[in-house]
Structures are given as C-alpha cells and as structure tokens.
Amino acid sequence: MLRVKAIKTIFLWDWELEYRRSSGWFVSLLFSAIVTFLTSLLIKHPSPNTWLALLWMILIFSALQIANKTFSANEGQYHYINQLVHPLELLIGKSLSSSFSTLLISLLSFLLFSFWIGFPKSSDYSMPLIPLIVSISLGSVALSFTLCFTSAIAAKVDGNASLMSILSIPLLLPTLLVSLRASKLALLGEHIEQIYPLWIGELSLCGLSLALGAILFPYLWRS
Amino acid sequence: MKAWKVTGIILVAYSMYAGLMSDVPRLVILNETIRNLYFHVPMWFTMIALLGNSLVQSIRFLLSGQDGSKVNLNLDLKAKNFAEVAMIFSLLGLFTGMIWAKATWGTYWTSDPKLNGTAVTLLIYLAYFVLRSSIEDFEKRARLSSVYNVFAFVLMIVFIGILPRMTESLHPGNGGNPAFSNYDLDSGMRMVFYPAVFGWILIGWWISSIRHRLDILKKEK
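Residues numbered from 1 in each chain as written. Chains lettered and ligands numbered in written order. Predicted model: local features only at pLDDT ≥ 70, side-chain atom pairs only at ≥ 80, totals over all residues.

Moving on, we get to the overall build of chain B. Helix and strand counts for chain B stand at 7 helices and 0 strands. Of the regular secondary structure in chain B, the N- to C-terminal order runs α-α-α-α-α-α-α. When contacts within chain B are restricted to residue pairs at least 6 apart in sequence, those whose partners lie at least 24 apart make up 74%. (Helix = DSSP H or I, 4+ residues; strand = E, 2+ residues; numbered from the N terminus. Contact = placed C-beta atoms within 7 Å.)

Along the backbone of chain A there are 8 helices and 0 strands. In summary, chain A has a C-alpha radius of gyration of 18 Å against a globular reference of 17 Å for 223 residues, a match within 12%. Principal-axis analysis of the C-alpha atoms places the extent of chain A at approximately 60 × 35 × 30 Å. Counting all 223 residues of chain A, 44% fall into the buried class. Considering only intrachain contacts with a sequence separation of at least 6, the fraction spanning at least 24 residues in chain A is 85%. (Rg over C-alpha atoms; globule rule 2.2 N^0.38 Å. Buried ≥ 20, exposed ≤ 12 C-beta atoms within 10 Å, placed from the backbone.)

The next thing to look at is the environment of alanine 103 of chain B. Relative to the helices and strands, alanine 103 of chain B resides in helix H3 (residues 73-104). Between the C-alpha atoms of alanine 103 of chain B and phenylalanine 61 of chain B, which are 42 residues apart in sequence, the distance is 44 Å.

Moving on: the interface of chain B and chain A. Taken residue by residue, the interface counts 23 residues in chain B and 20 residues in chain A. Considering each element in turn, the side of chain B that touches chain A owes the most residues, 14 residues, to helix H5 (residues 138-166) of chain B. Across the side of chain B that touches chain A, the residue classes break down as 21 nonpolar, 1 polar and 1 charged. (Nonpolar A, V, L, I, M, F, W, Y, C, P; charged D, E, K, R; others polar.)

Residue and element names in this part refer to chain A. Running from N to C, helix H1 (residues 4-20) and helix H5 (residues 87-116) cross one another at 45°; their axes reach a closest spacing of 8 Å. If you check the angle between H1 and H5, you find them oblique. As for how H1 packs across H5, the hand of that crossing is right-handed. On H5, the residues touching Ala6, Ile7, Ile10, Phe11, Asp14, Trp15 and Glu18 of H1 are Glu89, Leu90, Ile92, Gly93, Lys94, Leu96, Ser97 and Ser101. Considered class by class, the residues forming the contact of H1 with H5 number 8 nonpolar, 3 polar and 4 charged. (Axes fitted to C-alpha atoms, helices over the stretch in contact; angles between N-to-C directions. Parallel < 35°, antiparallel > 145°, perpendicular 65-115°, else oblique. Left-handed = near helix turned anticlockwise from the far one by under 90°.)

Of all hydrophobic cores here, the largest spans 105 residues; its most connected members are Tyr148, Phe151 and Ala152 of chain B. The element that contributes the greatest number of residues to this core is helix H6 (residues 129-156) of chain A, accounting for 14 residues. Excluding residues that lie within four positions of it along the chain, alanine 152 of chain B makes contacts with Leu171 of chain A together with Ile124 and Tyr128 of chain B. (Core = buried A, V, L, I, M, F, W, Y, C linked by C-beta atoms within 7 Å.)

All names here are of chain A. Contact geometry of helix H3 (residues 48-70) with H5 gives a least axis separation of 9 Å together with a crossing angle of 145°. For H3 against H5, the interelement crossing comes out right-handed. Every residue of H5 that contacts H3 at Leu55, Ile58, Leu59, Ser62, Ala63, Ile66, Ala67 and Thr70 is listed here: Lys94, Ser98, Ser101, Thr102, Ile105, Ser106, Ser109 and Phe113. Here the contact of H3 with H5 is composed, by residue class, of 8 nonpolar, 7 polar and 1 charged.

The next subject is the environment of serine 90 of chain B. Residue and element names in this part refer to chain B. Structurally, the position occupied by serine 90 is in helix H3. Exposure remark for serine 90: the 22 C-beta atoms within 10 Å place this residue in the buried category. On a C-alpha basis, the gap between serine 90 and threonine 121 in space is 8.6 Å, while along the polypeptide they are 31 residues apart. Setting aside residues up to four positions removed in sequence, serine 90 forms contacts with Met47, Thr118, Thr121 and Leu122.

If you want it as structure tokens, here you go:
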C-alpha cells in the first residue's frame with residue numbers, strides 16, 4: 001500500500017537537502033546558463049531546426065546533470081531510509097522531486113535561451129508561446145522520469161557519471177523524438193489540435209517510464 | 001543431434017540455394033537485389049526472437065529469488081549470451097542492408113528511421129554489456145543488468161514503434177512505401193522467405209545455446 005505521506009516526505013526531504021546544499025540545483029542552473037551563453041556566442045539567428053536542436057541538447061544535458069544527483073546520497077542514508085519507506089514510495093518521491101527540479105531548470109534555460117539567442121528569425125507568422133512552453137515542460141518531465149530510473153541503476157554501480165550517460169541517452173530517444181516534434185509544431189505556429197496528440201504521447205511516455213520503474217525498482221533496490 | 005537443429009540446417013541450406021537459384025520477379029531498380037530479401041530480413045526476425053528470449057530469461061532471473069531460495073545466475077548468463085548473438089545478427093542485418101541500400105538507394109547510410117532504430121538498438125545493448133562489465137559482484141551484476149535489460153527492451157520496442165510515424169522513410173513498409181508483402185512478394189518468394197526466417201531463428205538459437213553451455217563450463221572450471 002502506497003502512503004502519500006511517505007512520498008511527500010521524500011519529496012520535501014529532497015528539496016530541503018537541495019536548498020541547504022547550495023551546490024545543489026544552483027550548479028545545474030549555472031551549468032545550463034553557461035552552456036546557453038556559450039551557444040549564443042557561437043551561433044546567431046539559427047533556423048527553426050537548428051534552434052530546436054540546440055534547445056533540446058541543452059535541456060537534455062541539464063536533465064542529465066540533475067539526474068546524476070538524484071540517488072547520490074551515501075549508502076548509510078539509504079540504509080536508514082529503507083527502514084522507513086517502501087522502495088516504490090522512494091522511487092515515486094524521487095521521480096517527482098527530480099522531475100520538478102528538471103522542469104524548473106528547463107523553463108529557466110528556455111527563458112535564458114530565448115533571451116540570449118532569441119526566436120528563429122524567419123518567423124513571419126505569429127507564434128503563441130504557450131504551446132511551446134507546454135511541449136517543453138511535458139518533454140522535460142518525461143525525460144526526467146526515464147532518467148530517474150537509470151540514475152538508480154547507475155547509483156548502484158557507485159554513481160559513475162559517464163556510465164549514467166551511456167545507459168540513459170539511447171533510452172531517452174523516444175521521448176526526445178516526440179518532444180522535438182511537438183515543440184517543432186508549436187514553433188511553426190501550428191494549431192493546437194495538431195499538437196495535443198503529441199502531448200498525450202509525452203504524458204504516456206512518462207507513465208510508461210514510471211510503470212516500468214515501479215515494476216522493476218523493488219528488484220533493483222533490495223540488497 | 002536434435003531434430004530442430006537438423007531442421008535449422010536444412011532450412012537455411014535450402015533458403016541459400018533457392019535464394020540464389022530460384023526465379024524472382026523482375027522489378028525496376030530492385031532487379032536481382034530482391035534476392036537479398038532472403039538474407040537481410042531474416043536477420044532482423046532472428047535478432048528480435050533472440051532479444052525476446054533474452055528478455056524472458058532476465059524476467060525469469062528476477063523472479064527466481066522470490067521465495068527465499070537462491071537466485072539462478074545461469075538464467076542471467078543465458079540472457080547475456082542471447083543478447084550477444086542477437087547483436088551479431090543485428091550487425092549482419094545492418095551490413096546486408098547497407099549493401100542493398102547502396103544498390104537501390106545509391107548510398108550506404110542515410111538518416112532513415114529503420115537505420116536509426118538499428119543504431120539505437122546497438123547502442124542500448126552495448127550499454128547493457130558495458131553495465132555488465134563494470135560490476136564485479138556476480139549477483140549484483142545479474143540483478144542490475146536484468147533490470148536494465150527489461151527496461152531497455154520495452155523502451156526500444158516503443159522507439160522502433162513510434163519512430164517511423166515521426167519521420168519519412170525510404171524503407172519498404174514505412175512512410176507510405178509498401179512492404180514487400182503487399183504485392184511484390186509473390187507466392188514463389190514466400191516459399192523461400194518463410195523457411196529462411198524460421199531456419200535462421202533456429203540457427204541463431206543454436207549458436208546462443210552453445211555459447212551459453214560454454215560459459216557454464218567455464219564458470220564451473
């Protein structure tokens with residue numbers, strides 16, 4: 001039986017720790033700011049395709065950056081946590097907290113990105129921002145749900161950061177493709193009826209990752 | 001030698017002979033390269049069959065320690081061996097496909113969904129092997145890599161499933177191109193194609209189980 005209170009505790013505990021360690025998600029924010037700034041120096045007025053490719057590259061690496069830290073507490077702490085909560089509650093709490101921080105970082109990077117690089121120049125259409133923001137948000141949440149599970153695997157192998165990238169990047173491709181398509185349609189100013197099936201796709205990929213994680217995590221976590 | 005192994009040899013030998021010697025429809029652009037159907041496509045069927053068995057063995061491994069009994073590490077070893085042989089078949093499928101692409105599309109590699117799907121499958125399973133090799137402890141290795149195998153297999157299938165719907169493709173069966181089965185594959189070709197698929201699956205299964213038995217012997221020594 002899942003206890004909402006336990007999930008909430010894990011979630012809040014994660015956030016409190018992140019907040020206390022100033023090296024927490026401030027590092028992730030700075031990371032994406034630096035990468036965005038670097039990109040803005042390297043490229044001027046990208047075409048819509050290039051623009052999206054750059055944006056998603058930045059988002060994916062920010063998400064990886066956050067996911068690397070998701071399960072990075074030391075063995076002793078988990079020994080303690082495992083006494084108190086069921087593995088599933090731990091996974092859901094961790095997924096929620098990491099997806100929440102990924103969402104925040106993604107939106108902030110998007111803000112910086114549009115501020116420094118701007119939108120594609122060739123836009124002679126009126127583009128509503130909301131569909132683009134929704135596509136990016138849903139996409140980054142879906143990314144972080146998949147990443148959360150692979151980071152649990154990597155954490156069991158002593159949190160090797162490059163192993164984490166090898167394990168997760170091929171698995172992120174379905175989510176990335178759907179999100180790229182959704183944000184492309186949004187960027188081209190398509191009507192919302194064209195885009196929302198892709199949003200459902202993004203959501204169902206979230207659900208798939210979480211469901212698979214829920215089935216497999218108890219096997220992964222027992223030691 | 002068991003009957004299914006003999007069947008595998010006979011079917012593959014038959015498909016090789018009939019594949020090169022039998023009559024095939026003469027189609028523009030494809031010409032004689034249509035014979036590659038008997039060699040290229042069975043590789044993918046075999047790869048999926050072997051990966052499917054690898055998945056089944058991983059699930060069986062995860063379930064094996066449930067009732068407090070000892071986990072069966074051989075199941076995980078089997079999953080690894082089937083995945084390894086499946087990767088050999090995927091490379092073979094890739095090479096035969098590249099030759100075919102050169103003849104019909106004019107290039108060895110394009111950014112085609114089928115090709116990208118293959119590349120991602122290779123990446124996923126190479127990551128699986130890297131994961132295995134980076135863990136010392138036998139039981140931990142078996143547990144983590146089984147979990148990854150199940151997780152990765154499902155996402156790979158999703159990827160292969162949605163990819164062609166997201167992009168255009170030159171490959172038959174995608175992006176509005178008819179698959180062979182629609183009208184090109186006449187009944188004469190079916191008589192060679194299905195035995196080839198079945199035969200190669202049996203041969204792949206056989207190679208994997210020999211590798212598995214070798215590994216067990218090595219472990220016991």
